[in-house]
Each structure stands twice: as structure tokens, then as C-alpha cells.
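The primary structure of each chain is shown beneath.
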Amino acid sequence: MNASPSPSVPPAGSAGPDVLRTLLERPIPAVMGVLNVTPDSFSDGGEFIAPELALARARAMIEAGVDIIDIGAESTRPYTGARPVTAADELARLKPVLSGVVALGVPVSIDSMKAEVVAFALDQGAAIANDVWGLQRDTGMAQLIAARGVPVIIMHNRDSVDPAIDIVADIKAFFQRSLDIATKAGIARQKIVLDPGIGFGKTAEQSMTALARLREFDMFGLPILVGASRKRFIASVSPSEPKERLAGSIAAHLIAAQRGAKIIRTHDIAETLQALRVANAIESKQ
């Protein structure tokens, strides 16, 4: 993590063309808050599917200090049980709430693997695309991102878990394929964030290995996002249900920040932000 806070850093809340650069200039990692308008997400499925509850949750996240609100309308839960939905289903869930969340003034990212859904969200004012299949699932995604000129989060994913593979090598190869797609589509390099996809297509051991070896992804010269919040690998170390994994989530995110992560994606905004601020304050005294 960087040293002491700088009062010259612009506040979050701008969804302009430099939104990503502004967030990455902050002295601690930017905090991305999870807002699932889904019935089946692994931790909070169904809790915020009603528009008024989703808006209330977004306001609470802003009050807690969130830098980005990541809204998703299809569960991409990293284990079994997620039910694929159509673009029409996603749009039906997003339409009653998305513009209201955008109007709150904090940058919004759209968590979707479908170009049609991302296009709608960008039309409504979303500022960032978050593709959990790293431009490799929907063939129209890269062209859309390039045409709109918005930042994109490229996340590593796998259709199945293979305990025998070197997961870090697999992530690197995946990122390279995604970056080749991005280059061919004309996506500006400075608009890209990489996410190793903790929990997605990985064993618990592989998720922890990806976190432990996070610095190896510096080879790409791009900012890294880590979302370890409430993931199942925590329970492999300390048996727990998703909402009982706050301490484990914070431990993972502090390690990620120490290893250079620039964005932390979490369900627990205030607690995560406090931990990052205290860790940064301690480190600045060295």
C-alpha cells in the first residue's frame, strides 16, 4: 500500500472519463461495494432484489465510504447452484433500480457477462464494465467496451475446477488471451483492470495461492482488483457460513493490498475501509 493520504486526491463520485485513474490515485485501494439484485447470489441472494431495498443498500454503502458500486443482476456465484438467466431477465431486474443508483453520484460498475446488458447499463450512466469472463464469453463485449471507451475489469474464470493445474500459470494465460482480444478490439490499455477471480473455477487452495502470488500479475503492468469477500476458501481454513466470514475477508483483503491490489471488492464496506485505513496508517510510520 502507498504511504500517507493526500488531500489533493479528487473525491470519488465522478463518473467522467478519468474515473478509473482518479480512483487508482488514492493512497489506499479503492473499495468496490457489492450490490446484487438477484434471488440467488451466494451471500445475499434475494436481500436487495426489491428496488427500494437496493437503493437503500446503495445509500448505506455511500454513507460507509464506498468508492464504486458494483451492481449485478445475474448470480455468478463461484460454486454450484447459480442459475443462468437471459439478458431480458437481467434487464428486468436492473431497470427499476439502476438509474436511481447512478443518480446517487458514486461511480457504478455493471457486473455482467452479456454485452447487451452492459450496453444498457452504460446508457443509464454506469461508468465501468465488470466482465467475469474477461471478454472471452460474449463476442460482442470487447467491441462494445472499445466503442464506449469505458474502463473494463477482466476477471479470470474457468468452467470447471482442476486441482492439478498451476492456477497462477492458468490465470496468466487467461489474462494474455483477454488482453489480446482487447488489443484487437481497440480497448486502451489504461482502461483495463485485472481480477484473478478468487473462488471462480478454483479450489480453496488455488484461491489462496492466487492471493499469495498476487505480485506475479504485476508482469502485465495493470492494476489488480481482488474480491475475496465471504468466499468459500475462508471456510476451508475456519469453518463458517458466508456472513460469518468478515474477519477472514478482511485478512485476505489486507494481504491483497500489501501485495499491490488497487481495488478491493467487498460486501462489508465500513469494516473493510477501516482495516485498509488503519493498515495504511501503520505502514506509513515505518
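The structure this text deals with has already been given above.
The structure reproduced in this document is the subject of the present report.

Cut-offs used in this document
- Residues numbered from 1 in each chain as written.
- Predicted model: local features only at pLDDT ≥ 70, side-chain atom pairs only at ≥ 80, totals over all residues.
- Heavy atoms only, no water.
- Axes fitted to C-alpha atoms, helices over the stretch in contact; angles between N-to-C directions.
- Helix = DSSP H or I, 4+ residues; strand = E, 2+ residues; numbered from the N terminus.
- Parallel < 35°, antiparallel > 145°, perpendicular 65-115°, else oblique.
- Left-handed = near helix turned anticlockwise from the far one by under 90°.
- Contact = heavy atoms within 4.5 Å.
- Nonpolar A, V, L, I, M, F, W, Y, C, P; charged D, E, K, R; others polar.
- 1 Å grid on protein atoms, 1.4 Å probe; cavity = no way out; pocket = protein on both sides within 12 Å on 5 of 7 lines; lining within 4 Å.
- Points joined across faces, edges and corners; volume = space filled by probe spheres on them.
- Pairing = 2+ DSSP bridges.

## Details of the packing of helix H10 (residues 246-258) against helix H11 (residues 269-283)
Step number 1: Where H10 contacts H11, the axes come no closer than 10 Å and their chain directions differ by 40 degrees. Accordingly, the angle class assigned to the pair H10 and H11 is oblique. Relative to H11, H10 is oriented so that their crossing is right-handed. Contacts between H10 and H11 involve Leu246, Ile250, His253, Leu254, Ala257 and Gln258 from the former and Glu271, Thr272, Ala275, Leu276, Ala279 and Glu283 from the latter.
Step number 2: The residue makeup of the contact of H10 with H11, split by class, is seven nonpolar, three polar and two charged.

## Section: empty space enclosed by the protein
Step number 1: Under the defined criterion, the tally for this structure stands at two cavities of 30 Å³ or more.
Step number 2: Of the voids in this model, the second largest cavity is the one considered here, and its volume is about 30 Å³.
Step number 3: Lining the second largest cavity we find Val34, Gly227, Ser229, Lys231, Arg265, Thr266 and His267.
Step number 4: Residue composition of the lining of the second largest cavity, by class: one nonpolar, four polar and two charged.

## Describing the sheet that holds strand E2 (residues 68-72)
Step number 1: Across the sheet, eight strands lie side by side as E6-E5-E4-E3-E2-E1-E8-E7; this open sheet has parallel pairing. Edge strands, defined here as strands with exactly one partner in the open sheet, are strand E6 (192-195) and strand E7 (225-226).
Step number 2: Note: E2 against strand E3 (residues 108-111), four bridges, orientation parallel. Bridged to glycine 72 within E3 is aspartate 111.
Step number 3: Contacts from helix H2 (residues 51-64) reach strand E1 (30-36) and E2 within the one sheet, and its direction differs from that of E1 by about 165 degrees.

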